[in-house]
Amino acid sequence: MGAGVLTRVGGTLRCGGRCLAELAGDHDTPLYVYDGGRVLERLATLRAAFAPLTPLVAYSVKANPNLALLGLVADAGAGADIVSGGELYRALRAGVQPQRIVFAGVGKTREEMRLGIEAGIKSFHVESEQEMDALGEVARSGSAAGAAMGVRVNPDVSSPTHEYTRTGHAAAKFGVPPDHAVELYRRASAHPFLRPVGINVHLGSQIRTPEPFLHALDVVLDVADRVRRDVGVRLEYVDLGGGFGIADGEAGELDVAALGREVAARLDGCGLELLLEPGRFLVGDAGVLLTRVLYVKRAGGKTFVVTDAGMTELIRPSHYGGVHAVSLVRDEGTGALERVDVVGPVCEQGDFLAQDRLLPLPAPGALLCVHQAGAYGFAMASNYNSRRRPAEVLVRDGDARVVRRRESWEDLVRGEVVDA
Ligand code: LLP
């Protein structure tokens, strides 16, 4: 399930029209390959789903912060949802317009707030009273006219996703409850350097049904209404967050068209601009991880396919129970289907890319393609076990370009000293 953007031509997988075996040969493995056309197609799909509302799509940079991908979506008019000074730096470097940037996160530092204000971003989404006070102080001390902001509301909606990617229930560290949000708007409206302009909610990630989003939207629309009536402030936008689920090895994708219709019906006549913060929906199935089989090993009644990529390149299977489809790049299995674990070279028993998967048993040297790896793949890659992070290639109009080179040994020790 969820082959996404790939096609098989003459028995070999292609991405964006380019042969994956050739790309692996040219750039070595492990290797990330992204299909730029697919990213733009997904952006168009999302916009079409919410068409009557002409939403501002603020790409969630954390999903894949590569500058080339950021530049691609920025050129297509997207903004950015950022959570750190580093993501602000990247977004601006890639040409995202500051007026399309929103800044989320429970732990923004004063330094990050200052940078955001100076850049002239659209809005900060505050998540606590203390954070809002800090933003007010930073805004007061700056030369700009103040800080535009919204409150991230915690709607107490539980979404059916992994517990680590669920953020909209009351006991999550994110957002503030509706009543408290109204109070924050009251305080913000009385502050000379804070400008309450929007309202935000984000429920979590990989949510495959519209209901949690609609429930959350009802909660924030009610808060916006109370803010208008009780505080006298008319908000300009509602930001529904991200989390739009994609098809993977486990299940199908969220029906964004159905969600879009329902959201449009609720926002009709409200005079609120709609913001969306998709990460995975735009880049998830546009990316694959290519890895080569090193060895096949049988032990304890199991068959392990040992690959040159593991949790250091893609942590989702071991950290979130993420199920990524895995297939052979070339139709070249040595025999019948066999139940295997695809495991990496990292010295951790929890290091795997797939478990209990039926695959034509590959021979050493065979190439595997791990699907839906465009989001939270490279972004969460690490140097654990002193492994060099892989190269990233972007395919665009048939052209394959290295948009980040593989790290060198020197990169691994940059900034370190042998004897202090
Ligand atoms: N907006 C906010 C405020 C967020 O925190 C996130 C993701 C997004 C938008 C984008 O969510 P998306 O559309 O990509 O689902 N590493 C995990 C996912 C963590 C998501 C964190 N926040 C994973 O690999 O499943």
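A quick note: this is a predicted structure, and the numbers were derived from the prediction, not measured.

Rules of the game
- Residues numbered from 1 in each chain as written.
- Predicted model: local features only at pLDDT ≥ 70, side-chain atom pairs only at ≥ 80, totals over all residues.
- Heavy atoms only, no water.
- Helix = DSSP H or I, 4+ residues; strand = E, 2+ residues; numbered from the N terminus.
- Rg over C-alpha atoms; globule rule 2.2 N^0.38 Å.
- Contact = heavy atoms within 4.5 Å.
- Areas by Shrake-Rupley, 256 points an atom, 1.4 Å probe, with all protein chains shown as cover.
- Lys, Arg positive; Asp, Glu negative; His and termini not counted.
- Charge placed at Lys NZ, Arg CZ, Asp CG, Glu CD.
- Core = buried A, V, L, I, M, F, W, Y, C linked by side-chain atoms within 4.5 Å.
- Buried < 20%, exposed > 50% of the residue type's maximum accessible area, 1.4 Å probe, protein only.
- Domains from an automatic or database assignment.
- Near = heavy atom within 4 Å.
- Polar contact = N/O pair within 3.5 Å; in protein donor to acceptor, adjacent residues only side chain to side chain.
- Nonpolar A, V, L, I, M, F, W, Y, C, P; charged D, E, K, R; others polar.
- Phe/Tyr/Trp six-rings, centres within 6.5 Å; stacked < 30°, edge-to-face > 60°.
- Lys NZ or Arg CZ within 6 Å of the ring centre and 35° of its normal.

Now for the overall build of the chain. Within the chain one finds twelve helices and 20 strands. What you see for the chain is a C-alpha radius of gyration of 23 Å, in line with the 22 Å of a compact globule of 420 residues. When the backbone C-alpha atoms are referred to their principal axes, the chain occupies close to 70 × 55 × 45 Å. Contacts in the chain between residues at least 24 apart in sequence constitute 71% of all its contacts with a sequence separation of at least 6. Only carbon and sulfur atoms are counted for the fraction: they give 49% of the accessible area of the chain, which is about 17,300 Å². Measuring between centres, the 46 positive side-chain charges of the chain sit 2 Å from its 53 negative side-chain charges.

Our next topic: the nonpolar core. Judged by nonpolar contacts, the single largest core of 105 residues is most densely connected at F50, L135, F244, V263 and L274. The dominant element in this core, judged by the number of residues it contributes, is helix α8 (residues 211–231), at eleven residues. In this structure, this core is formed jointly by two domains, domain 1 (6–34 + 284–413) and domain 2 (36–281), each of which donates at least three residues. If near-sequence neighbours (up to four positions away) are discounted, L274 is found in contact with F50, L53, P55, L56, V238, L240, V263 and L267. Formed by 19 residues, the second largest nonpolar core is a distinct cluster that contains A24, V288, V329 and V393.

Below, the discussion takes up the site of the ligand. In the neighbourhood of the ligand, 18 residues make up the surrounding shell, with S205, G243, E277, R316 and Y376 lying closest. At 2.6 Å from an oxygen atom of the ligand is found a side-chain nitrogen or oxygen belonging to R316. Starting from 590 Å² of accessible surface for the ligand in isolation, the protein chains cover 90%. Here the residues of the shell around the ligand sort into four nonpolar, eight polar and six charged.

So, on to the packing of aromatic side chains. Applying the stated criterion to the full structure yields four aromatic pairs. Where Y32 meets F378, the ring centres are 6.1 Å apart and the plane angle is 80°; that geometry is what we call edge-to-face. Residue Y32 is located in strand β4 (residues 31–35), and its partner F378 is located in the loop between β18 (367–370) and β19 (391–396); the two are separated by 346 residues in the primary sequence. Residue classification places Y32 among the buried residues on the basis of a relative accessible area of 0%. Of the aromatic side chains, those joined through ring pairs into one cluster are Y32, Y34 and F378. R42 extends its terminal NZ or CZ atom over the ring of F281, reaching a point 3.8 Å from the ring centre. The ring of W409 carries R388 above its face, with NZ or CZ at 3.9 Å from the centroid.

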